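One-letter residues, chain by chain:
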Amino acid sequence: MLDLQGRNINKLRISVSEACNMACSYCVTGINEHQVAPDQLPMQDLLKLATLLHRHAGIEKIRITGGEPLLYRELVPFVEGLSESGLEDIGMTSNGLLLARSVPSLAKAGLKHINLSLDSLQPERFRKMGRAGSLRSTLDGIDASLEAGLRLKINMVVVKGENEDEVADVLEFGIARGIEVRFLELMRMGPLYQNGDFKLVTMEEMLNSIRERFSVTTAQADEDSTSQRFWVPGGYFGIIPNESAPFCSTCSRLRLTSNGKLIGCLSNPIETSIRHLLDHHDPEMELKSLVMESVSYKKSQFTGSDLVMSKVGG
Ligand code: SAM
């Protein structure tokens, strides 16, 4: 669907559950903040809303996220249902801790690609930044996904004083495995909103540290891509300059929470509930109008907000 600014809103992120098995310090203040929403929809209802958005509101690409989607018991039937509804572009964002054992069934169900969060290649630091988890499990998940033939990207959130010295290491790790790495600038979301201690590493600083090891060339990114793309001998990488060069003017994303609410903008997270449409026998017109309402909340400038990312999955 085209919004009033002419943006083609065709990507949907679905947070299937707010529960997570990590508690990254830039995402939440502690592990207890990750709670399943009390009014979380049953899987079949969430699937129905996603299907309606595909059929009537121009959604073509789905990214399943959370919380941690691999904790969602009905993830495989959920992916199957999305596939059966005709959606071909189904991806997932995950920390990969539980990936190794579930990747074959997810691939069979129709999952095509995974963005895997990996903030450090040092076991202790990995655990410190995520307040839980083991690096070994995530690395096993990466190997299993490659074996299953899934397309993989690595997402690394770069935090000053915590992991910025590993930018070139993670890039090298990705290149050795044919995986494109994307470095994320920290966003002023959730606990970081209006927090004086904002440990931003800018795109320019990341590039400088990569240039110490590689010769970097600017490359072409997709028009609606959130990342700026670069090439080094051996492969491509991206940087998502969330703070230093936000991409709001080309944002084609819509988000659906686990309790059936649309959120059109991270900086202006007004919720538009569509769960009542589950009971409508002909929801098309009202759905279209609610989608337009939700995307009308998109701001032209990223400001951040107190929205906790696990509610919308990044
Ligand atoms: N549990 C999954 C994972 O770890 O990938 C999916 C949910 S997580 C909220 C999705 C993405 O949001 C991750 O790549 C995470 O690093 C990113 N994220 C969360 N808070 C962020 C922040 N303040 N700034 C930048 N990225 C953030």
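As a reminder, the structure under discussion sits directly above these lines.
Structural notes, computed from the coordinates.

Calculation rules
Residues numbered from 1 in each chain as written. Predicted model: local features only at pLDDT ≥ 70, side-chain atom pairs only at ≥ 80, totals over all residues. Heavy atoms only, no water. Pairing = 2+ DSSP bridges. Helix = DSSP H or I, 4+ residues; strand = E, 2+ residues; numbered from the N terminus. Contact = heavy atoms within 4.5 Å. Axes fitted to C-alpha atoms, helices over the stretch in contact; angles between N-to-C directions. Buried < 20%, exposed > 50% of the residue type's maximum accessible area, 1.4 Å probe, protein only. Arc of directions from axis to C-beta. Near = heavy atom within 4 Å. Polar contact = N/O pair within 3.5 Å; in protein donor to acceptor, adjacent residues only side chain to side chain. Areas by Shrake-Rupley, 256 points an atom, 1.4 Å probe, with all protein chains shown as cover.

1. Description of the sheet that holds strand β4 (residues 113-117)
In spatial order, the strands read β7-β8-β9-β6-β5-β4-β3-β2-β1-β10-β11-β12; together these 12 strands make up an open sheet with mixed pairing. Unpaired on one side and paired on the other, β7 (217-218) and β12 (271-273) mark the two borders of the sheet. Pairing of strand β8 (residues 228-232) with strand β9 (residues 235-240) involves five bridges; the strand directions are antiparallel. Across the sheet, Q228 pairs through a bridge with I239, a residue of β9. Strands β5 (151-158), β6 (180-185), β8 and β9 of the sheet are contacted by helix α6 (residues 167-177), whose axis makes an angle of about 155 degrees with β6.

2. What to know about helix α4 (residues 123-130)
Side chains that are three or four residues apart share a direction in an α-helix, a result of its 3.6 residues per turn. Taken residue by residue, α4 has R125, F126, M129 and G130 as its buried positions. Taken down its axis, α4 places every buried residue within 120 degrees of arc, on the same side. The exposed residues of α4 that point more than 90 degrees off its buried face are P123, E124 and K128. Its buried side turned inward, α4 meets α5 (135-147) and β5.

3. A look at the site of the ligand
Neighbouring the ligand are 20 residues; Y26, G67, E68, S117 and M187 lie closest to it. Between the ligand and G67 there is a distance of 2.9 Å, counted from a nitrogen atom to a backbone nitrogen or oxygen. Taking S117, its side chain carries an N or O atom lying 2.5 Å from an oxygen atom of the ligand. For the ligand, whose free accessible area comes to 550 Å², the fraction covered by protein is 94%.

4. A few points about the side chain of E180
Examined against the element boundaries, E180 turns out to sit in strand β6. Classification of E180 by relative accessible area gives buried; the value is 14%. The residues touching E180, leaving out its near neighbours within four places in the chain, are L152, K153, I154, R229, Y236, F237 and G238.

5. Notes on the pairing of β9
Counting buried residues in β9 gives five out of six residues, a clear majority hidden from the surface. Two elements, β6 and β9, share four bridges in a ladder whose sense is parallel. Across the sheet, residue L184 finds its bridge partner in β9, namely I240. In sequence, β8 turns back onto β9 through a hairpin of two residues, with G234 there showing a positive phi of about 115 degrees.

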